[in-house]
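# Report on the structure
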Amino acid sequence: MTTLVGPESLWLWIGTIGMTLGTLYFIGRGRGVRDPKMQEFYIITIFITAIAAVMYFAMATGFGVTEVMVGDQALTIYWARYADWIFTTPLLLLDLALLAGANRNTIATLIGLDVLMIGTGTIAAFAATPGTRIAWWGISTGALLVLLYVLVGTLSQSARNQSPEVASLFSTLRNLLIVLWLLYPVVWILGTEGTFGILPLYWETAAFMILDLSAKVGFGVILLRSRSVLERAVTPS
Ligand code: RET
């Protein structure tokens, strides 16, 4: 069987290594944490990078990739991205929501919007005409914008009831998330998926890799950096 993976495999291997190192780092940091509420942050963050590590490995080795025909054009689609994101983006939101001390309804709303975003984004990736691809992209981007609205509104409101240190860590992570997440639909539409052919597959793969490492490992490092701040987040005031 011929593999569909081209020279962009370089970036996929860097992604695999980066996610693996991130996972090992978080496991190392989490050792010795005894408080169950504190452990939640470690468990969630470890799974985020572990899932990404295996999905990057799947893409680098040619398992997580397929071809989609759009008219007479064959697009290389790395479907494993969506398998990764459908699990890891809700987990990232859960980390942030726990930090903010959000209630169940807010968490459910955020995760619902997120699954809607990745679900419709997956349909966009497999749709057979340029028009329908862009329409699904638009629906997915709409879900992202509503999600960010809840993040800035309701979630930030509950973070304000936390201690100043926790509230400030929350703002840093929230702002990082907003900037990074907004870049995903941009890379997607400019890349091969958008069918405009502005960003070649090689550079698109590099861009997603940098975004994924920042949104998962970078986010996790900042979150787990200060144990004393996390302790405040889980201590009822
Ligand atoms: C897609 C395409 C359709 C439009 C939109 C998208 C958004 C994706 C996002 C992904 C975030 C991934 C993260 C991964 C961590 O490593 C599906 C690309 C809106 C926001 C944070």
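Reference entry: report on the structure contained in this document. None of the values given here were measured: they were computed from a predicted structure.

Parameters and conventions
Per chain, residue numbering runs from 1 following the sequence as it is written. Per-residue local features are limited, in this predicted model, to residues with pLDDT of at least 70; the limit for side-chain atom pairs, both in listing and counting, is 80 or more; totals at the level of whole chains, interfaces and linings are taken over all residues. Derived side-chain values reflect all non-hydrogen atoms in the structure, with water molecules and hydrogen atoms excluded from consideration. Only the contacting stretch of a helix is used when fitting its axis, a line to C-alpha atoms as for every element, and angles between N-to-C directions run 0 to 180 degrees. In DSSP terms, a helix is any run of H or I states spanning at least four residues, a strand is any run of E spanning at least two, and both are numbered starting from the N terminus. Throughout, the term roughly parallel applies to angles under 35 degrees, roughly antiparallel to angles over 145, roughly perpendicular to angles from 65 to 115, and oblique to all others. Crossing handedness is read from the near helix: turned anticlockwise from the far helix by less than a right angle, it gives a left-handed crossing, and turned clockwise, a right-handed one. Here, two residues are considered to be in contact whenever any of their heavy atoms come within 4.5 Å of each other. Following the grouping adopted for this structure description, the nonpolar residues are Ala, Val, Leu, Ile, Met, Phe, Trp, Tyr, Cys and Pro, the charged ones are Asp, Glu, Lys and Arg, and the polar ones are all others, Gly among them.

## Some details on the packing of helix α3 (residues 80–100) against helix α4 (residues 104–126)
Following both chains from N to C, one finds α3 and α4 inclined at 160 degrees, their axes separated by 9 Å at the closest point. Here α3 is positioned roughly antiparallel relative to α4, judged by the angle of their axes. The element α3 and its partner α4 pack so that their crossing is right-handed. Two secondary-structure elements touch here, α3 through Tyr-82, Trp-85, Ile-86, Thr-89, Pro-90, Leu-93, Leu-94 and Ala-97 and α4 through Ile-107, Leu-110, Ile-111, Asp-114, Val-115, Ile-118, Gly-119, Gly-121, Thr-122 and Ala-125. Among the residues forming the contact of α3 with α4, the class breakdown is 13 nonpolar, four polar and one charged.

## Observations regarding the packing of α3 against helix α7 (residues 201–225)
Where α3 meets α7, the axes come as close as 12 Å, and the angle between the chain directions of the two elements is 30 degrees. Between α3 and α7, the angle falls in the class roughly parallel. Two packed elements cross with a definite hand, and for α3 against α7 that hand is left-handed. Each of Arg-81, Asp-84, Trp-85, Thr-88, Leu-92, Asp-95, Leu-96 and Leu-99 in α3 lies in contact with α7, whose residues at this interface are Thr-205, Phe-208, Asp-212, Ala-215, Lys-216, Phe-219 and Leu-223. Its residues placed into classes, the contact of α3 with α7 shows eight nonpolar, two polar and five charged.

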